[in-house]
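Residues per chain are reported as follows:
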There are 2 protein chains.
Amino acid sequence: MKDASFAEFLLIRIDRSADQPMNRQIYLIIRDAILARLLPVGFRMPSTRELAKGLGMSRNTVTYGYDQLMAEGYLESRTGAGTYVADTVPDQFSQRQFPKAAAPDGPELSARGAKLIAQAGASDLQWGAFMPGVPDVTQFPHRVWSRLQNKHWRRSRAELLTYGGAGGHAPLREAIAEHLRIARSVNCRAEQVIITTGTHQSLDVVVKLLGEVGDSAWIEDPCYWGTRSVLESTSIKPVAIPVDDEGLALQRADLRRPPRFICVTPSHQYPLGMVMSLSRRRLLLEYAATQKAWIIEDDYDSEFRYGSRPLASLQGMDRHDRVLYMGTFSKTLFPGLRVGFIVVPESLAAAVSTAVSELYRGSQGFLQAVLADFMNEGHFASHVRRMSILYAERLQALRSAIEGHFGDSMAAIGDEAGLHLVLRLPPGSNDVAISRAARAAGIIARPLSGYYAGPDTARSGLLLGYACVPVEQIRSAFDTLAAIIREHCGMPFIGSCSIPVPPAYGTLPLRSASPRSRAPS
Amino acid sequence: MKDASFAEFLLIRIDRSADQPMNRQIYLIIRDAILARLLPVGFRMPSTRELAKGLGMSRNTVTYGYDQLMAEGYLESRTGAGTYVADTVPDQFSQRQFPKAAAPDGPELSARGAKLIAQAGASDLQWGAFMPGVPDVTQFPHRVWSRLQNKHWRRSRAELLTYGGAGGHAPLREAIAEHLRIARSVNCRAEQVIITTGTHQSLDVVVKLLGEVGDSAWIEDPCYWGTRSVLESTSIKPVAIPVDDEGLALQRADLRRPPRFICVTPSHQYPLGMVMSLSRRRLLLEYAATQKAWIIEDDYDSEFRYGSRPLASLQGMDRHDRVLYMGTFSKTLFPGLRVGFIVVPESLAAAVSTAVSELYRGSQGFLQAVLADFMNEGHFASHVRRMSILYAERLQALRSAIEGHFGDSMAAIGDEAGLHLVLRLPPGSNDVAISRAARAAGIIARPLSGYYAGPDTARSGLLLGYACVPVEQIRSAFDTLAAIIREHCGMPFIGSCSIPVPPAYGTLPLRSASPRSRAPS
């Protein structure tokens, strides 16, 4: 390539309409030509003066590119002899010496990655009628929050802005421990409370710390999709155990193969909503103590109970330090806060705290300090009280809408606590198709069958979250949904439906258990 | 137990000085007695009237406890026949039927958990002279930040407060892509930028998605401790490759065993600080393309360069989509922000985005929106500029202090970029002991040897972070440290030290490489 043709080589590649400055374009074009070996090692570059002339540009523009290329090692200058393309081709290990890749054009995801993506459970929408598990974030008292934030910024404490450590901000751990002792009968001191960015992180850290690759964990069937995803991503094998109206319905055969972890939602089973009975609780606690298994109690939304007493946590009944209790502010405040916590036995507190620093570098100290003040000044408790009243109204509106459309012909279950209920559909109805049709009509109605381990145990239903839907929107959104359900389930009549509750449900009396065998729901 | 003795049983257990209300105490004492089987199944409880009398308390106080115990299933009332302890002992699966636990009293941590804790690298202190890797968080423009926060609260957009999804807040992804294209020559569109809570999470998600249990990853020796911890916690096997002045010093034998991942810090090797040479960059890119390996480029602090040109990223040179580029706001803004990002090839963007939602439920939308504004209004760029000037002054102060104490006898390396330098110590000196003595004197000086894979390759030195230390404190803090170094290394004279640079360093010319073989440092 002669100097004139080199200028031409550049000119046809320069984009005068681009945002990128001309000097940077020249640098990039030459660099890419060297990387692509269009300009071979030892090629003599034109002088900056000649090239500037050829391009019709200022010499400074060209010099910038040359200097940068020299600095990065693409060009080298030989004293008194001009500038050359440097020898940076990695020929000391010729490419021919590399072995061929085992799977040259196979799928790029690992098997565990492909599985994670294939069974992804997170919805791409996280707001609107009837998204389950989402509180009304617009009600969050942001003025109070801003005031507390500004107060902390004024103090400007470096330790709140740098990497977090030691299990989280001490005053927040105190405030959470206090709240849990009173509201959830959790038996703990502040040192046992470890702050995380939410339940996923809480679960991740304890199973990594306490479980080996290949260990098993009992999970409820159906259960929260995130539990399965996190367990599998940490190489823990989930073993799905069906639930009945008392919680995990264990068989003798299950008990003969003790798992390392037992993942349960005893206060409000997710997603069905029943409460684990007292005898099941005692069974699990005794079993875990004998087998040295860990019970992971996910107490995600039991702050919201409508008309029934608050229930003690499983952790509070444990006398053998086998329960790891997970909680979150995602339901009580807002999910985007990303603050959760785990309460561990005293003997594990130091290790879990270290592991959180080690694996995630702790979480946000500043945010934690603001949240501690928010709790200590009573805003947390009053916000939960206010939201309980609001959500109770919304629940009532949804119950009325369901009854108005379907009378007694469809059962809404799990509606005595939390942020959602489950509307059961007749067996054989396709809840996935209904969900898809609802989505096309602007309604989120997640299919119950998707929460089961597989088609053999799956039942048909819809999860309907009411907490984030204003009362006035509930009726009309449910009207739309009801029409879709009717169409899909072959129910032509509006108002009074005539199909009876399918007999299959008779064997699962979720709302009529005797007081002797179960805690209140 | 008669009614009178039952009242006594309670009275000796009630703590009248406790904060807990009396009715709650009565509930808990009876509950625990049932759980401990002190009160057997079928035990007839005294009436609330009798018990209240026996305790000398109001009947309401006793009734509360009874009602709660009844609601939770501990007590049952038989119509007209009083109240009894319910049968909730889980005898259907008698404890004798459980197999014995395999390891009844072994260590509770898993092998992977125990290893994580044993090699924990996170410091319990994260602020003060000379903490490496920590910027001056007190300089953060919090008034600007508060103003942007308040603006977003006023708009109160629900989608910013609920669960995050789809790779992060779109305007932030745009702003980061723009910054990376200009400042780091990263070749990307906004869709390729996935927001995480930091580099640990970025690494966690890609190795889970792209690597199987047991796959290997090359890491630099020495390297950042967090890389090793995250890899091992995801069951990826780290293979330590020594670094020389050009970066990873690969041998032919290494190349014959292709890893799944190649973890490097090409712009500013952590912790030694040199820049990867152009020929090594080209070698890695070609090798990764042939072997279908993934290069994970950790570009943690290269926004701060003192007196040398900004360097292009490795990602920007890649023509085969084999580089995953990780960045963080921990060094440019503050670590407690917990915002990082990963730039992935377009073909992986959807999967990585889904995996972030699935494994961590996304990160904080509200925070991301504020950060996007902060960048778009130019505050990010101006803060980085202001900090570069400040850190350059502090670096100069530390260099002068080192020279004042040790002249040419000790080499400070890796000081042309970033937030720390490495002070090399004579071979054989015990940097761990020096670090411990420094800590006792209130100085953080992390031992270089701790960043190596093992004692065979480890060299002695100290990581000294200057970014978070005001100029006026640097001199006196280093005076203290210098005295400790002198004592431990047998160097009696203050001011002019006479020991020569140890010959071993001559083989590792970290600051005198030819321009041909390496990019500028």
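Residues numbered from 1 in each chain as written. Chains lettered and ligands numbered in written order. Predicted model: local features only at pLDDT ≥ 70, side-chain atom pairs only at ≥ 80, totals over all residues. Heavy atoms only, no water.

Can you walk me through the sheet that holds strand E1 (residues 44-45) of chain A in this structure?
Sheets are built from strands that pair by backbone hydrogen bonding, the pairs being arranged parallel or antiparallel. Residue and element names in this part refer to chain A. Spatially, the 3 strands line up as an open sheet ordered E1-E3-E2, and their pairing is antiparallel. Each having just a single partner strand, E1 and strand E2 (75-78) make up the two edges of the open sheet. Along the sheet, helix H4 (residues 59-71) makes contact with E1, E2 and strand E3 (82-85), crossing E2 at roughly 95°. (Pairing = 2+ DSSP bridges. Helix = DSSP H or I, 4+ residues; strand = E, 2+ residues; numbered from the N terminus. Contact = heavy atoms within 4.5 Å. Axes fitted to C-alpha atoms, helices over the stretch in contact; angles between N-to-C directions.)

Help me understand the relation of the copies chain A and chain B in this model?
Applying a rotation about an axis and a shift along it to one chain copy brings it onto the other copy. When chain A is fitted onto chain B, the two copies agree to an RMSD of 0.1 Å after a turn of 180° and an axial shift of 0.0 Å. Between the two chains, the operation in question is that of a two-fold axis. Distance from the rotation axis, computed per C-alpha, reaches its smallest value in chain A at A:Thr234: 3.2 Å. Interface overlap between copies is the fraction of interface residues in one copy that are interface residues in the other; for chain A against chain B it reaches 100%, indicating a shared surface. (Least-squares fit on C-alpha atoms with pLDDT ≥ 70 in both.)

It is not clear to me how the state of the cysteines should be interpreted in this structure. Could you clarify?
Here a disulfide denotes a covalent bond joining the sulfur atom of one cysteine to the sulfur atom of another. All names here are of chain A. Applying the stated criterion across every chain, the model contains 0 disulfides over all chains. Residue Cys263 stays outside any disulfide, its sulfur separated by 8.2 Å from that of Cys223, the closest cysteine. By relative accessible area, Cys263 is classed as buried at 8%. (Disulfide = S-S within 2.5 Å. Buried < 20%, exposed > 50% of the residue type's maximum accessible area, 1.4 Å probe, protein only.)

What is the right way to read the UniProt feature "domain: HTH gntR-type" (unreviewed entry) in chain A from this model?
UniProt's entry tags residues 20-88 of chain A with the feature "domain: HTH gntR-type" (unreviewed entry), counted in the numbering of this structure. Secondary structure over residues 20-88 of chain A splits into 51% helix and 14% strand, and the C-alpha atoms at its two ends are 27 Å apart. (UniProt positions renumbered as here; feature names shortened; annotations may be inferred.)

So what exactly am I meant to see when it comes to helix H2 (residues 22-35) of chain A here?
Within an α-helix, residues lying three or four positions from one another point in the same direction, as the helix has 3.6 residues per turn. All names here are of chain A. Spanning 14 residues, H2 covers 20 Å between terminal C-alpha atoms, matching the ideal 20 Å at 1.5 Å per step. A large share of H2 lies buried, amounting to 11 of its 14 residues. All buried positions along H2 are accounted for by Arg24, Gln25, Ile26, Tyr27, Leu28, Ile29, Ile30, Arg31, Ala33, Ile34 and Leu35. Immediately beyond the C-terminal end of H2, within one or two residues, lies Arg37, with a positive phi of roughly 65°. (Expected span 1.5 Å × (residues − 1).)

Looking at this model, I keep getting lost on the sheet that holds strand E5 (residues 216-221) of chain B. Mind explaining?
Residue and element names in this part refer to chain B. With mixed pairing, the 8 strands of this open sheet are ordered in space as E4-E11-E10-E9-E8-E5-E6-E7. Both outer strands of the open sheet, strand E4 (193-196) and strand E7 (247-248), are each paired with one neighbouring strand and no more. Relative to strand E11 (residues 340-343), strand E10 (residues 323-328) runs antiparallel, the two being bridged by 4 bridges. Across the sheet, the residue bridging to Gly327 is Phe341, located in E11.

Teacher, can you tell me more about the interface of chain A and chain B here?
It is common to give the size of an interface as the accessible area lost on bringing the parts into contact. Each partner contributes residues to the interface: chain A has 128 residues there, and chain B has 129 residues. Between chain A and chain B lies a buried interface of about 11300 Å² when both sides are counted; carbon and sulfur atoms form 53% of it. Summed over the shared surface of chain A and chain B, the result is 6 salt bridges. For the salt bridge of A:Lys208 with B:Asp204, the shortest nitrogen-to-oxygen distance reads 3.5 Å. Between the two partners, chain A and chain B, sit 54 residue pairs in polar contact (both at pLDDT 80 or more). In the side of chain A that touches chain B, the residues fall into 60 nonpolar, 38 polar and 30 charged. (Buried area = accessible area lost by both parts, 1.4 Å probe. Salt bridge = Lys/Arg side-chain N within 4 Å of Asp/Glu carboxyl O. Polar contact = N/O pair within 3.5 Å; in protein donor to acceptor, adjacent residues only side chain to side chain. Nonpolar A, V, L, I, M, F, W, Y, C, P; charged D, E, K, R; others polar.)

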